[in-house]
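Results of the structural survey
Chain by chain, the residues:
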Amino acid sequence: MTAPAPTAVPVLDPVKTGPFRFRRVAGKLLVTNDLGRHQLLDEKQFHDFVTGGLKEGDPVYEKLKTDGFIRDQMDFDAIAAVWAKRNKFLWQGPTLHVIVTTLRCNHRCLYCHASALGMADETTDMTEETARKVVDRVFESPSSAITIEFQGGEPLANWPVVKFIVEYATEKNKTAGKSLWLNLVTNLSMMDAEKMDWLLERGVNFCTSIDGPAEVHDKNRPWSSGASHAEATKWFKVIDKKTRNKMFRIDALLTVTRLSLGKPVEIVDEYERIGARGVFLRPLNPYGMAVATWNKIGYTHQEFLAFYEKALDRVLELNRKRPASKPFFEQTARLYLAKIMTDDDPNYLDLRSPCGAGIGQMAYNFDGSVFTCDEGRMLNRMGDDTFLIGKAGEGTYAESAGHPVVRALAVASNLDNQIECSKCAYKPYCGICPVQCYKEQGDITGRMPTNSRCKISMGVLDLLFDRLQDKKNEKIFRSWLKVRKGDNEKAAALYQRG
Amino acid sequence: MTRTRCQNSLQPIDSDAARLLKILGSRRLSALQNAFGGRRLWIPKAGSNLRCSVCRFRDDCIRSWRQQGVSIANIAKRLGVSPKLPISVSEEPMPTCDQDEIAFVLDEQLYPLEAVQNAVYVFTDRAYVRVERAEPDRLKVVMTVKADAAPSARTALKGEFDNELIHQVLRQRISTSNQKIREFIVTKALVSAQPSALVAAGAPAPAAAEGDACPECVDTAAPAPAAPQIDAALEKEIDRLLAEIESGDGAADPLGVSVPWEEAFGAKGKAEPKAVEGAKAKAPKAKAPKAKAKRS
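Parameters at a glance
Residues numbered from 1 in each chain as written. Chains lettered and ligands numbered in written order. Predicted model: local features only at pLDDT ≥ 70, side-chain atom pairs only at ≥ 80, totals over all residues. Helix = DSSP H or I, 4+ residues; strand = E, 2+ residues; numbered from the N terminus. Rg over C-alpha atoms; globule rule 2.2 N^0.38 Å. Buried ≥ 20, exposed ≤ 12 C-beta atoms within 10 Å, placed from the backbone. Contact = placed C-beta atoms within 7 Å. Pairing = 2+ DSSP bridges. Expected span 1.5 Å × (residues − 1). Arc of directions from axis to C-beta. Domains from an automatic or database assignment. Axes fitted to C-alpha atoms, helices over the stretch in contact; angles between N-to-C directions. Left-handed = near helix turned anticlockwise from the far one by under 90°. Nonpolar A, V, L, I, M, F, W, Y, C, P; charged D, E, K, R; others polar. Core = buried A, V, L, I, M, F, W, Y, C linked by C-beta atoms within 7 Å.

1. Section: the overall build of chain A
Across its full length, chain A holds 20 helices and 14 strands. Against the globule reference of 23 Å for 498 residues, chain A gives a C-alpha radius of gyration of 24 Å, in line with a compact fold. Taken along the three principal axes of its C-alpha coordinates, chain A extends 70 × 55 × 50 Å. Put simply, chain A has 498 residues, and 55% of those count as buried. Long-range contacts, defined as pairs at least 24 residues apart, comprise 71% of the intrachain contacts of chain A with a sequence gap of at least 6.

2. What about the environment of Tyr61(A)?
All names here are of chain A. Within the fold, Tyr-61 resides in helix 2 (residues 59-66). Once the C-alpha coordinates of Tyr-61 and Asp-48 are considered, the two residues, 13 residues apart in sequence, prove to be 9.6 Å apart. In contact with Tyr-61, not counting residues within four places along its chain, are Leu-54, Lys-55 and Glu-56.

3. Details of the sheet that holds strand 12 (residues 361-364) of chain A
Residues and elements named next belong to chain A. A sheet is described by the order of its strands in space; here nine strands give the open sequence 10-8-7-6-5-4-12-13-14, paired in mixed fashion. Since the sheet does not close on itself, it has two edges, and those belong to strand 10 (281-282) and strand 14 (388-391), each with one partner. Of the pairings in the sheet, the one linking strand 5 (residues 145-151) to strand 6 (residues 179-185) comprises six bridges and is parallel in character. Counterpart to Ala-145 in the pairing with strand 6 is Ser-179.

4. Let's talk about helix 5 (residues 159-176) of chain A
All names here are of chain A. With 18 residues, helix 5 extends 25 Å from end C-alpha to end C-alpha; this agrees with the ideal 26 Å at 1.5 Å per step. Those residues of helix 5 not exposed but buried are Val-161, Val-162, Ile-165, Val-166 and Ala-169. Projected onto a plane normal to the axis of helix 5, the buried residues spread over an arc of 140° and lie on a single side. Exposed and oriented more than 90 degrees from the buried face of helix 5 are Glu-167, Glu-171, Lys-174 and Thr-175. Those residues of helix 5 hidden inside the fold are in contact with strand 4 (96-100), helix 4 (128-138), strand 5 and strand 6. Trailing helix 5 by a residue or two, Gly-177 shows a phi angle of about 70°, which is positive.

5. Remarks on the domain arrangement of chain A
Residues and elements named next belong to chain A. By the assigned domains, chain A splits into domain 1 (8-86) and domain 2 (93-364). Of note, the centres of domain 1 and domain 2, computed from C-alpha atoms alone, are 39 Å apart. Listed by partner, the interface residues are five residues for domain 1 and four residues for domain 2. The greatest single-element share of the side of domain 1 that touches domain 2, amounting to three residues, is contributed by helix 3 (residues 76-86).

6. Some points on the packing of helix 4 of chain A against helix 5 of chain A
Relative orientation and spacing of two packed helices are given, respectively, by the angle between their axes and the distance between those axes. All names here are of chain A. Two numbers describe how helix 4 lies on helix 5: the axes approach to 10 Å, and their chain directions differ by 35°. The way helix 4 lies across helix 5 gives a crossing that is right-handed. Contact residues: helix 4 offers Glu-128, Ala-131, Arg-132 and Val-135, while helix 5 offers Val-161, Phe-164, Ile-165, Tyr-168, Ala-169 and Lys-172. Tallied by class, residues from the contact of helix 4 with helix 5 come to seven nonpolar, no polar and three charged.

7. Structural notes on the nonpolar core
Residues Ile165(A), Tyr336(A), Leu337(A), Tyr364(A) and Val116(B) are the most contacted members of the largest nonpolar core, which totals 162 residues. The element that contributes the greatest number of residues to this core is helix 13 (residues 331-341) of chain A, accounting for seven residues. When residues no more than four places from it in sequence are discounted, the contact partners of Tyr336(A) are Tyr429(A), Val460(A), Leu461(A) and Leu464(A). Judged by nonpolar contacts, the second largest core, of 17 residues, contains Ala78(A), Ala84(A), Val191(B) and Leu234(B).

8. So, helix 9 (residues 264-273) of chain A
Residues and elements named next belong to chain A. Every buried residue belonging to helix 9 is among Pro-264, Ile-267, Val-268, Glu-270 and Tyr-271, and all of these are buried. Taken down its axis, helix 9 places every buried residue within 155° of arc, on the same side. In this structure, the buried residues of helix 9 make contact with strand 8 (250-255), strand 9 (278-279) and helix 12 (301-321). Positive backbone phi, at 90°, marks Gly-275, one or two positions downstream of helix 9.

Here it is as structure tokens:
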């Protein structure tokens, strides 16, 4: 058979039609550009835009001109400045430093991505000597802002080293003068008042996992010594109360498993019930225990997206009932919306181009081994050293940051090098994880249209652009970002030739 | 395998024989065994035209039906046979029409090779795909549907491919038309935000040449429009900016991400960055990343 005549392919106007990407969303055509500016057009508007048929004075034309889509109306100085602003992470170097103080853990989470060990095995406890070398290496990062994130296992199982790192990093920073953030990722089961007060006095942030109501959480996160949900929510409330109006705080997130799929409303309501500022819905990743338990707790991307849609709609519904000054957000959506609705980049390392592996983050194992990222460290636990780039106390920071693996990951995760991503309308908002590509599809470049992470990202973005068409939803989304209506319009004046 | 026993011999027989025994009864089964025992039998499906399928004029009829425009699927259904038989008899190329394989020829002047390759790439999760040159200016795409693809994916494959192909052609045109502008913006942003000579001079963009834009836009076989004159000016500017990067100290690491803090900023973080000279005068203030916990 011979293909039909391509009557639907319009001829570009080489003078008027600037760089853009497009995608069918919610019955319209979404156009976006490298600045993240976007507009939903109907078929005729799209055709007129592409062929240069839009007239000056037409509101659609004026908006496209404002957003830098009209080729002969572009102010290159302003556009380059905004491009630099949206991509400022390129100049920063590693800002996130994940430190694994131990692989021991008292939970047996069904999806444990870190392949944690039992509490009796102390061979994976980081020593103070190693911790000192790790902190020294962390402070070599050229970034003026440093986040040290304690991971595990359960970091509190090696409490003396957590204390040492907090004190040593704080002391070291008196000289370095960086913006230092400390995050403790903990299941809260080993928390006590003494530890909490000590950490709060030093401005440590907390992050915990709450997988929804007790019947879901306790099945996902078995704890032999008691009810994990009751303990986590108890400490969450206590710490949340103590950190109100402070720069540091406690956040919670959940990993969606098959057990969660039928309870999107209950999960969102649970987060509101415990007083959280929002909920962070994250899909399963193919690391650690999750590989072995996938048949029991895994799901397809369609199943996740169906769950996510119901949960997001419930979040929007709650927002309509709350005062505008107290929004309740969904964090995955919030990260995307920051990129969609503002010129700022939240520097979420999985949603950058290139990704943060080695150039935005580094992960330090209990023995001082340095990995490109936490995912690379997780693969190491599965017997794969591909993403090992050095060791604290041996070699130099420059050798790790300039390691061939880091360079390869930067090239692979640069969306301009990706066959489909480079032309995808969601490119300015998205990012790929080369480690997940490697695990799922056998190479770090991956194949984006067929990759499960890509399908979930596109599904979530489709949903967000669909919901954004409702002005009431848009107002709620702005409240999550604290972006006032008109802010973007003011900034947009930049894109017009003066 | 389910086993039962023959009523006469008391020997185990397989499930097909057991079903026959149930349908025919022992006397008729015995007669069947006497006539055909030990031979392989083909029993046509109910509703098929048994007489036609075994008729000695069958092949002539198939050729005649094909000449009359009867589809392969209809002939196969009429005879109660596999589609392979009428394809084989009418000497049509076998791969062009199989239940799980779709093949079609595309005019390369309408659909450039890069657009075709990009389009088939999108379908690699649902089909095994191959692009080959059928003849000059003709590309042949062969897609074999994967066994685990959903039935709905099989039926929609060709239509989805047609639409994807059109999108890819347009994407390629946008990319080609604006490549220099994008290169310029990124290069300029990476080097510095200083105004370029081009923009400072306020050089106006060229007006559209007469006939460049076609209101109906249906003639996609038309040659691509010539690159605007602005591209030539941008290219010179890009070369200048790239030369500026290469002349700096940090050619191998122009953004300075592998330069240790103390080396770049001094012991107290006060000194000016060294490796980013020539690349960017002022490094943007870093923003702490969001907590990115994977588990707890």
